[in-house]
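Here is how the chains run, residue by residue.
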Amino acid sequence: MTSNHTATRTGQAATPTSQAALPSRMLGELAVPALGFGAMVLSPGMYGEIDDERAERALTAALDAGATFIDTSDGYGAEGSNERLVGRVIGGRRAEVVVATKFGMRIPDGAPAHTFPVGYTFGELAVNADPALVRRYAQQSLRELGTDYIDLYYPHFPDPSVPLTDTVGAVAELVEAGLVRHLGLSNLTSAGQLREAHAVHPVAAVQTEWSMWRPIDAELRAAAGELGVGIVAWSPLGGGFLTGTVHEVADGDFRQNSPRFSKENLAANNDKYAPIRQIAAELGLEPGQLALAWLLAQYESVVPIPGSRTPAHIVQNLEAARVALHPDTLQRIDDALAGVEVQGGTALTGAGSPVGPASATYRRWGECRPGSARQSSPSVRRRACRAGPALAGRGGARADVAGAQQPAGGRARP
Ligand SMILES: NC(=O)c1ccc[n+]([C@@H]2O[C@H](COP(=O)([O-])OP(=O)(O)OC[C@H]3O[C@@H](n4cnc5c(N)ncnc54)[C@H](OP(=O)(O)O)[C@@H]3O)[C@@H](O)[C@H]2O)c1
């Protein structure tokens, strides 16, 4: 290592709301700490069992340490339980928290489920982002969260049966009504979707999987920069893989559904990432800290949302917001990543994609196609879907969606 390969810890850019304020970043016009907290990990069945007490302790630790940007969804946990957990913990401190939630996966009884393929072993997920349901979704989330506004509100996935611009139009009405402060879009599959949505209502952030083992779509990244849209990076630690501590996943852990986490693929992938762990060791960083600091250096408006049930991990992760990697170090990391082909597909990319920055090509299942719904309500069927590229096939190196689980007998929830 040359002396140029350094990581420096920067001072705090204080915000008045938290004792341990982290540097802040902008998602469109929404100011948030540079690292948020993903609350999905606090629901039972995601990373094994967890009780309310442990979940509340972890979320409180995140807030106390300055991760006051909290990510949840109506689809996390059974029947809104993740949102209720967040609501309980932020109850007395709502003003210091930026609450982001997502809709479309807690489909009301009687409403149709619009399915689309994912690469997890259970094969598909279901949403309904019909604009006629959006206000009802928001009111339900507001009740669960115990608040009267949502800071950042996303459709969890583009609905293959509904033009995204129609869903966005319904969120714009919620913004006008004061129930929602900012619009987000999660799991877009093309830059075109972002451009079209942004023309209807300003988009503060797109949420997408992005990490050292999951590159971002280059066109989506470019469009976000051009439009001034932030990027919220989910699974920024690769579901824990990038911390270097995952060698197998137990029964009851949703990662069992992900090809990347099969025993064989984990062993191979851990070997491939040894050079990255070596760089972290040379810098005196934990591998997970390096993964987060690297991500923060990719775009001034990227905000990773690592999840953890362990207060010591939470504090350790947040330290990464104060680490500035030298350009030579970033280059060395990118050179190492460029030679890696991860074994097993992930979110919207196929297996074996080089993982250098911004090299992925997303699949296009999110484009609305006439007749793409398995079951559609009449109102949805009447909408004119714009023609989009054909869905990728169901087999082979198809994508998967980290964070998804298939409860026994129920709908999958990412
Ligand atoms: N929009 C979407 O469709 C979508 C999909 C997936 C996720 N998300 C959001 O993104 C958030 C984060 O994603 P994720 O949970 O999939 O993956 P992640 O944050 O990349 O990884 C979480 C895993 O990393 C482990 N971990 C965290 N810090 C660690 C440390 N310092 N040392 C060792 N292990 C550590 C955690 O274990 P411990 O608990 O033991 O620390 C947990 O198993 C979710 O909670 C959710 O809010 C969104």
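Before reading on, note that the structure itself is shown above.
It should be emphasised that the depicted structure is a prediction, and the values quoted were computed from it without experimental measurement. Counting restarts for each chain, with residues numbered from 1 along the sequence as it is written. This being a predicted model, a pLDDT of at least 70 is required before a residue's local features are given, and a value of 80 or more before pairs of side-chain atoms are given or counted; all residues contribute to the totals for chains, interfaces and linings.

Chemist: Requested: an account of the overall build of the protein chain, with residues and values cited.
Modeler: Strands are runs of DSSP state E lasting at least 2 residues, helices are runs of H or I lasting at least 4, and numbering of each runs from the N terminus. For the protein chain, the count of helices and strands is 12 helices and 14 strands. The burial criterion counts other C-beta atoms lying within 10 Å of a residue's C-beta, which is placed from the backbone; the residue is buried at 20 or more, exposed at 12 or fewer, and partly exposed between these limits. In the protein chain, which comprises 414 residues, the share counted as buried stands at 55%. Of the contacts made within the protein chain by residues no fewer than 6 positions apart, 76% connect residues no fewer than 24 positions apart. In this description, any two residues whose backbone-derived C-beta atoms lie within 7 Å of each other are considered to be in contact.

Chemist: Please give an account of the sheet that holds strand β4 (residues 37-38) that cites residues and values.
Modeler: One requirement defines pairing of two strands: DSSP has to find at least two bridges between them. Reading across from one edge, β4-β5-β6-β9-β10-β11-β12-β13 is the order of the 8 strands in this open sheet, with parallel pairing throughout. Unpaired on one side and paired on the other, β4 and β13 (302-304) mark the two borders of the sheet. In this analysis an axis means a line fitted to C-alpha atoms, helices contributing only their contacting stretch, and an angle means the value between N-to-C directions, from 0 to 180 degrees. Packed onto the sheet, helix α5 (residues 191-200) meets β10 (180-186) and β11 (203-209) and runs at close to 155° relative to β11.

Chemist: Go over the pairing of strand β2 (residues 24-27) with me, naming the residues and quoting the values.
Modeler: The alternating pattern of β2 places Arg-25 and Leu-27 on a buried face, while none of Ser-24 and Met-26, on the opposite face, is buried. Where β2 and strand β3 (residues 30-33) come together, 4 bridges link them in antiparallel fashion. The residue of β3 that forms the bridge with Leu-27 is Leu-30. The hairpin turn running from β2 into β3, its antiparallel successor, is 2 residues long, and Gly-28 in that turn takes a positive phi close to 60°.

Chemist: Which residues make up the nonpolar core, and what are the values?
Modeler: Note on soluble globular proteins: their nonpolar side chains tend to be buried together. Ranked by internal contacts, the top residues of the largest apolar core, which has 100 residues, are Leu-59, Leu-194, Val-206 and Val-303. When sequence neighbours within four positions are dropped, the list of residues in contact with Leu-59 reads Ala-39, Leu-42, Leu-85, Val-86 and Val-89. The nonpolar core criterion groups buried Ala, Val, Leu, Ile, Met, Phe, Trp, Tyr and Cys residues into a set whenever they are joined through C-beta atoms within 7 Å. In terms of nonpolar packing, the next biggest core, distinct from the first, is built from 11 residues, Val-118, Leu-125, Ala-129 and Phe-157 among them.

Chemist: Can you break down unusual backbone geometry residue by residue, with the values?
Modeler: The phi torsion at Glu-79 lies on the positive side, around 50°, for a residue other than glycine. Taking the C-beta count within 10 Å as the criterion, Glu-79 has 11 such neighbours and is therefore assigned exposed. Positive phi outside glycine occurs at Asn-187, with the angle close to 60°. Mapped onto the fold, Asn-187 is located in the loop between β10 and α5.

Chemist: Talk me through the pairing of strand β6 (residues 98-103); I want residue IDs and the actual numbers.
Modeler: In terms of burial, β6 is a largely internal element, 6 of the 6 residues being buried. Here β6 shows two buried faces, one formed by Val-98, Ala-100 and Lys-102 and the other by Val-99, Thr-101 and Phe-103. Two elements, strand β5 (residues 69-71) and β6, share 3 bridges in a ladder whose sense is parallel. Bridge pairing in β6 places Ile-70 opposite Val-99. Call a crossover right-handed when, viewed with both strands pointing away from you, the route from the first strand across the helix to the second goes clockwise. Traced from β5 through helix α2 (residues 81-90) to β6, the parallel crossover comes out right-handed. In the sheet, β6 pairs with strand β9 (residues 150-155) via 4 bridges, with the strands oriented parallel. Paired with Ala-100 across the bridge in β9 is Leu-152.

Chemist: How would you summarise the packing of helix α3 (residues 131-145) against helix α4 (residues 164-176) if you had to cite specific residues and measurements?
Modeler: α4 packs onto α3 with a crossing angle of 40° between their chain directions and a minimal axis gap of 8 Å. One finds that α3 runs oblique with respect to α4. Crossing of α3 over α4 shows right-handed handedness. Two secondary-structure elements touch here, α3 through Pro-131, Val-134, Arg-135 and Ala-138 and α4 through Asp-166, Thr-167, Gly-169, Ala-170, Val-171 and Leu-174. Classification used: nonpolar for Ala, Val, Leu, Ile, Met, Phe, Trp, Tyr, Cys and Pro, charged for Asp, Glu, Lys and Arg, polar for all others including Gly. Split into classes, the residues belonging to the contact of α3 with α4 amount to 6 nonpolar, 2 polar and 2 charged. Angular relationships are summarised with four words: roughly parallel below 35 degrees, roughly antiparallel beyond 145, roughly perpendicular across 65 to 115, and oblique for the angles in between. Handedness of a helix crossing follows the sense of rotation of the near helix relative to the far helix, less than a right angle counterclockwise being left-handed and clockwise being right-handed.

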